[in-house]
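# Structural description and commentary
Okay, here's what each chain looks like letter by letter:
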Amino acid sequence: MFAEVVFPLPFRHSFTYSIPKEFEESVMIGVRVVAPFGKRTLTGFVINISETTNVKEKIKRLTDVLDDQPIFSKDSLKFYEWVSDYYLSSLGEALKNSVPYGLDVESKKTIISDKEFCLTLFAKEKNVKSTRAKLLKILSEKESFKITYLQKLVRKKSIYSVLKTLEKQGAVTILNEIEDAKVKIKKAKFVSLNKTNDEVYSIMEEIEKKSSKQVVLLLELLNSKEKEIQQSELLKKTKSNQSSINSLEKKGIVKVFDKEVERVYTETYNEKMQEFDLTPNQKTIVEKVSKDIEENNFKTYLLHGVTGSGKTQVYIELAKLSHKKGKTVLILVPEISLTPQITSRFFNNFGSEVTVMHSRMSLGERYDSWRGIINGKYKIVIGARSAIFAPLENIGLIVVDEEHDQSYKQYDLIPKYNARDAAVLKGFFGKVPVLLGSATPSIESMYNSKIGKYELLELPERVDNAKLPKIKLVDIIFEKKKNRMTGVFSKTLLEAIDLRLTKKENVIILQNRRGFATQAYCDDCGTIDMCEDCSVSMVYHINKNIMKCHYCGAVKPAPRGCKTCGSINIKFFGTGTQRVEDELAYHFPNAKIERIDSDTINKKGKLGIILNSFRKGEIDILVGTQIVSKGMDFANVTLVGVISAETSLWMPDFRADERTFQLLTQVSGRSGRSKEEGEVIIQTQNHKNFVLQKVLDNNYNDFYQHEILLRQQNQYPPFSRLGLIEVKNEDEQKAKQAVTDFHKRLMKFGDRLFIMPPNEAIIAKVKRVYRYQIMIKSLRSSDPNGKILRNALLNAFIDYNQKSRFRDVKIYFDIDPQSVL
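Presented here is a report on the structure given in the accompanying data block.

Rules used in this analysis
- Residues numbered from 1 in each chain as written.
- Predicted model: local features only at pLDDT ≥ 70, side-chain atom pairs only at ≥ 80, totals over all residues.
- Heavy atoms only, no water.
- Helix = DSSP H or I, 4+ residues; strand = E, 2+ residues; numbered from the N terminus.
- Rg over C-alpha atoms; globule rule 2.2 N^0.38 Å.
- Buried < 20%, exposed > 50% of the residue type's maximum accessible area, 1.4 Å probe, protein only.
- Contact = heavy atoms within 4.5 Å.
- Areas by Shrake-Rupley, 256 points an atom, 1.4 Å probe, with all protein chains shown as cover.
- Lys, Arg positive; Asp, Glu negative; His and termini not counted.
- Charge placed at Lys NZ, Arg CZ, Asp CG, Glu CD.
- Pairing = 2+ DSSP bridges.
- Axes fitted to C-alpha atoms, helices over the stretch in contact; angles between N-to-C directions.
- Expected span 1.5 Å × (residues − 1).
- Parallel < 35°, antiparallel > 145°, perpendicular 65-115°, else oblique.
- Left-handed = near helix turned anticlockwise from the far one by under 90°.
- Nonpolar A, V, L, I, M, F, W, Y, C, P; charged D, E, K, R; others polar.
- Salt bridge = Lys/Arg side-chain N within 4 Å of Asp/Glu carboxyl O.
- 1 Å grid on protein atoms, 1.4 Å probe; cavity = no way out; pocket = protein on both sides within 12 Å on 5 of 7 lines; lining within 4 Å.
- Points joined across faces, edges and corners; volume = space filled by probe spheres on them.
- Phe/Tyr/Trp six-rings, centres within 6.5 Å; stacked < 30°, edge-to-face > 60°.

The subject of this paragraph is the overall build of the chain. Along the chain, the regular secondary structure elements total 26 helices and 36 strands. The C-alpha radius of gyration computed for the chain amounts to 30 Å, which stays within 12% of the reference 28 Å derived for 821 residues, consistent with globular compactness. Seen along its three principal axes, the alpha-carbon backbone of the chain occupies a region of about 85 × 75 × 65 Å. Taking all 821 residues of the chain together, 53% fall into the buried category. A sequence separation of at least 24 residues applies to 75% of the contacts in the chain between residues at least 6 apart. Carbon together with sulfur atoms contributes 48% to the accessible area of the chain, which is approximately 39,600 Å² in total. Between the centroid of the 129 positive side chains of the chain and the centroid of its 103 negative side chains there is a distance of 4 Å.

So this is what it looks like as structure tokens:
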């Protein structure tokens, strides 16, 4: 028997292995196997099994099988093939997403050095900046290194040839060691009674004479509803010690054994279960989509519902219907760790059959959640973009909440998929209805509903007779002229906050920038404090008195003087959430203020704790970045203030207007979600701006009509498909030459494409790596499925890899990029 195996490597074909007799029953399509690959050992995925093969070379044998059950079926493999084909990755790279991080078995090279000999060789080096010299210096300081760590230290991947030379000289030894998976099943010791209750009571008196602590343990076991108790919990509860349990075990009275313990992620935010009566509009939508659930029919719906219109309740009702039919449900949300309310509501309705999948979970929690999905324990999966690859079988419904959100796009790993678009294809392959929900649908999705590709469903009114908030634009240029600005706040906004606090109502303030000030500059010579590794300014964080780069994470003390002219006249410019929080504390010293941004909620469960306090009225004002605009539903919030509407409006991106409209409409929707009418105050430097006027009118349709005309005139999506090519290298000149070379090759294959000249990326350097880009447009009228675009990129890439002298410079492809920054 032979198995076709793919690996999470950039090879677009499979490799054939023979299946040893002992594995013949366990090797099947969809399981992971361990196999030799060149000089390495890797984990791969079985995509086919056959009795014969056409391979004439020597065939290697599989060395292990890692799964009892398949992760994917032959049918679900079609979805992964589409992902790899559309987003230009290998099938193995796409399938890697089906498994949580930390489960691979692979060989890793360990370098053992002769420290003294390495130091001697380093002393002889003439060029101390060469890769060899850098390696020798590092190897002279410590005996053992993983090769990946060495690559990180010298900031270069191609160090193997240098290490091989050093091995020949006797300076190092290269070991090939197989590393097991980082995550394994967790087991713990449990204790149970080894005799009947009557037998235990009959010997209790005798035990009490010798040890009262043993009696306490036995009474706890007798009174427990559970037949077995985890040993650590039993000792903690009874304040006993290990020797007491050991004694009882020797006497045969209790039994101590190992048992698997599931690591379950628990959300710190919780709400009470509420019963809702569906509105007529909600009922109509549920009835329409439920027919497709019952008939296993693929159809994509776009649910356009204003903020507070009860979209989440529609999802829950449809999930109940799917669950009754014995089917599973997949709910995608933009960032699960930032939307604990929707999770809490699903847990209230479906209890232990719900699991979550996101990056804030520990490796163990993710692994146990994943295993529970495969074993059929969990029927409803809620997760961020990567949950699209959850190994759910028999899916009855797929929901993509806040479908417009750009965080559905994977931007830093390959394949660079969009989970919203992938959800539609997953529904197509599985014959499942897909429901895309948003108060501010993306231009592409609304266009698809207009041309009949999706069916539009609408919830035009809020539930419980709640009214949409009154929105007011405050022009801060006029306010400054009238001396009505205090720091970053207009007096209009401060007066509104004061009024709400007097009424014991809650306030949300949005400023979509972290830190205290977004720039530190010299008032004498104008020098801005930039990150040394990235072409961006560093942000001032007042609580630690540091400057921080929000791209690479570099940190340094706040400047005392200018590094260019020596002046001590340093000014801080721009407004971050820390400054907003600081000024609010000055104006309202008795108010309880809490800030939510990625600086404050990096601890697990912290956001849930803050939101619980806010819901209970223990916090008066919530200050935050775009996090505060996502899915928050609090009845007592009656005022939302926006410090600066221009934060995203001035971005050099064709989606800037759309993003601004979405962000401001979404954050406005947090206000007045109950009987009390809400108010929104947006501070701006240009109150006549078309986008802001449409936010003011809460008029999505007018905004869409205006935006779709601009897109058509400039041939941007949805009228074209974009491809972004990015070239990265630490050597700026090399990156520039490589992108020019690739552009020439691309022009050979791009006669039906609009190929822009190569350009420096807007953020030209990140983490010491220089970035150059080429943008391609492919018109949907002539290339409806993007095949011409993908073929041009693949052919140019093959030509580049075979003939270019810059082929060691990496090229990255991004189909349908969500940002060009």
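So much for the structure itself; the text now carries on.
Spatial strand order, E14-E15-E13-E16-E17-E12-E18: seven strands in an open sheet with parallel pairing. With partners counted over all chains shown, the strands left at the sheet margins are strand E14 (354–357) and strand E18 (455–459), one partner each. Taking the axes of each pair of neighbouring strands and ignoring which way they run, one obtains an average angle of 20° across the sheet. Pairing between strand E12 (residues 300–305) and E18: five bridges, direction parallel. Bridge pairing in E18 places Tyr301 opposite Glu455. The strands touched by helix H11 (residues 280–294) within the sheet are E12, strand E16 (395–401) and E18, with E18 carrying the most contacts at an inclination of about 150°. Packing against the sheet, helix H12 (residues 311–324) makes contact with E12, strand E13 (328–332), E16, strand E17 (434–438) and E18, and its axis sits at approximately 170° to E16.

For the rest of this paragraph, the subject is the sheet that holds strand E24 (residues 539–541). The three strands lie next to each other as E24-E25-E26, forming an open sheet whose pairing is antiparallel. Pairing within the sheet leaves two strands with one partner each, and these edge strands are E24 and strand E26 (555–557). Pairs of neighbouring strands in the sheet enclose a mean axial angle of 35°, with direction left out of account. Here E24 pairs with strand E25 (residues 546–548) via three bridges, running antiparallel. Counted as the bridge partner of His541 is Ile546 from E25.

This part covers helix H18 (residues 491–502). Turn by turn, an α-helix covers 3.6 residues, leaving residues three or four places apart pointing in a common direction. With 12 residues, H18 ought to run about 16 Å at 1.5 Å a step, and its terminal C-alpha atoms sit 16 Å apart, in line with that. Of the residues one or two after H18, Lys504 is the one with positive phi, at around 65°.

Let us look at the packing of helix H22 (residues 656–668) against helix H23 (residues 690–697). Two elements in contact, H22 and H23, have axes separated by 10 Å at closest approach and are oriented at 30°. As far as their axial angle goes, H23 and H22 are roughly parallel. The way H22 lies across H23 gives a crossing that is right-handed. Only Val691, Leu692, Lys694 and Val695 of H23 make contact with H22, whose side of the interface consists of Asp657, Thr660, Phe661, Leu664 and Thr665. For the contact of H22 with H23, the per-class residue count stands at five nonpolar, two polar and two charged.

In contact at an axis separation of 10 Å, helix H4 (residues 131–139) and helix H5 (residues 147–154) are set at 120° when each is read in the N-to-C sense. Here H5 runs oblique to H4, going by the angle between their axes. The chirality of how H4 crosses H5 is right-handed. Facing H4, whose interface residues are Lys134, Leu135, Ile138 and Leu139, H5 presents Leu150, Leu153 and Val154. Along the lines of polarity and charge, the residues of the contact of H4 with H5 split into six nonpolar, no polar and one charged.

Below, the discussion takes up unusual backbone geometry. Residue Pro415 is bonded to the preceding Ile414 through a cis peptide linkage, with omega at 0°. Tracing the backbone through its elements, the reader meets Pro415 in the loop between E16 and helix H15 (419–430). Residues Pro717 and Pro718 are joined by a peptide bond in cis, for which omega reads 15°. Looking at the element boundaries, Pro718 is found in the loop between helix H24 (700–714) and strand E32 (720–729). The backbone of Lys239 shows a phi angle near 55°, a positive value even though the residue is not glycine. Note on placement: Lys239 falls in the loop between helix H9 (231–238) and helix H10 (242–250).

Before going further, it helps to spend a moment on helix H26 (residues 787–803). Given a rise of 1.5 Å per residue, 17 residues ought to cover 24 Å, and the 24 Å separating the end C-alpha atoms of H26 matches this to within 8%. Every buried residue belonging to H26 is among Leu789, Arg790, Ala792, Leu793, Ala796, Asp799 and Tyr800, and all of these are buried. Lining the buried residues of H26 we find helix H1 (77–86), E32, helix H25 (732–749), strand E35 (769–779) and strand E36 (810–815).

In this section: the pattern of salt bridges. Summed over the entire model, instances satisfying the criterion amount to 41 salt bridges. Measuring nitrogen to oxygen at the nearest pair gives 3.4 Å for the salt bridge that ties Glu220 to Lys237. A residue pair is termed long-range when its members are at least 10 positions apart, and Glu220 in helix H8 (residues 212–223) and Lys237 in helix H9 qualify at 17 residues. You can call Lys237 exposed: its relative accessible area is 63%. Residue Glu403 is joined to Arg420 by a salt bridge in which the shortest nitrogen-to-oxygen separation is 3.3 Å.

Moving on, we get to the side chain of Ser567. Mapped onto the elements, Ser567 comes out in the loop between E26 and strand E27 (570–573). For Ser567, a relative accessible area of 12% translates into the label buried. For Ser567, the contacting residues outside a window of four places in its chain are Cys522, Asp524, Gly561 and Cys562.

Let us now look at empty space enclosed by the protein. According to the stated counting rule, one finds four cavities of 30 Å³ or more in the structure shown. Roughly 60 Å³ of volume is contained in the second largest cavity. When residues of the lining of the second largest cavity are assigned to their parent elements, the largest contribution, three residues, is made by H22. Here the residues of the lining of the second largest cavity sort into no nonpolar, four polar and five charged.

Burial of strand E28 (residues 593–596) is two-sided: the residues Ile593 and Arg595 facing one way and the residues Glu594 and Ile596 facing the other way are all buried. Bridge count for E28 against strand E29 (residues 621–624) is four bridges, and the pairing is parallel. Looking across to E29, one finds that Glu594 is bridged to Leu622.

Bringing the packing of aromatic side chains into the picture now. The tally for this structure, following the rule as stated, stands at 30 aromatic pairs. With centroids separated by 5.2 Å and ring planes inclined at 15°, the aromatic side chains of Trp82 and Tyr86 adopt a geometry described as stacked. One end of the pair is Trp82 and the other is Tyr86, both in helix H1 and four residues apart, which spans about a single turn. On the accessibility criterion, Trp82 (18% relative accessible area) is buried. Judged by centre distance (5.7 Å) and plane angle (80°), the rings of Phe298 and Phe428 are edge-to-face. Here Phe428 lies in helix H15 and Phe298 lies in the loop between H11 and E12, a separation of 130 residues in the sequence. With relative accessibility at 46%, the residue Phe428 sits in the partly exposed group. Taken together, the aromatic side chains of Phe45, Phe72, Phe79, Tyr80, Phe389 and Tyr417 make up a single cluster linked through ring pairs.

Interpretation note: all reported values are geometric properties and have no functional meaning in isolation.
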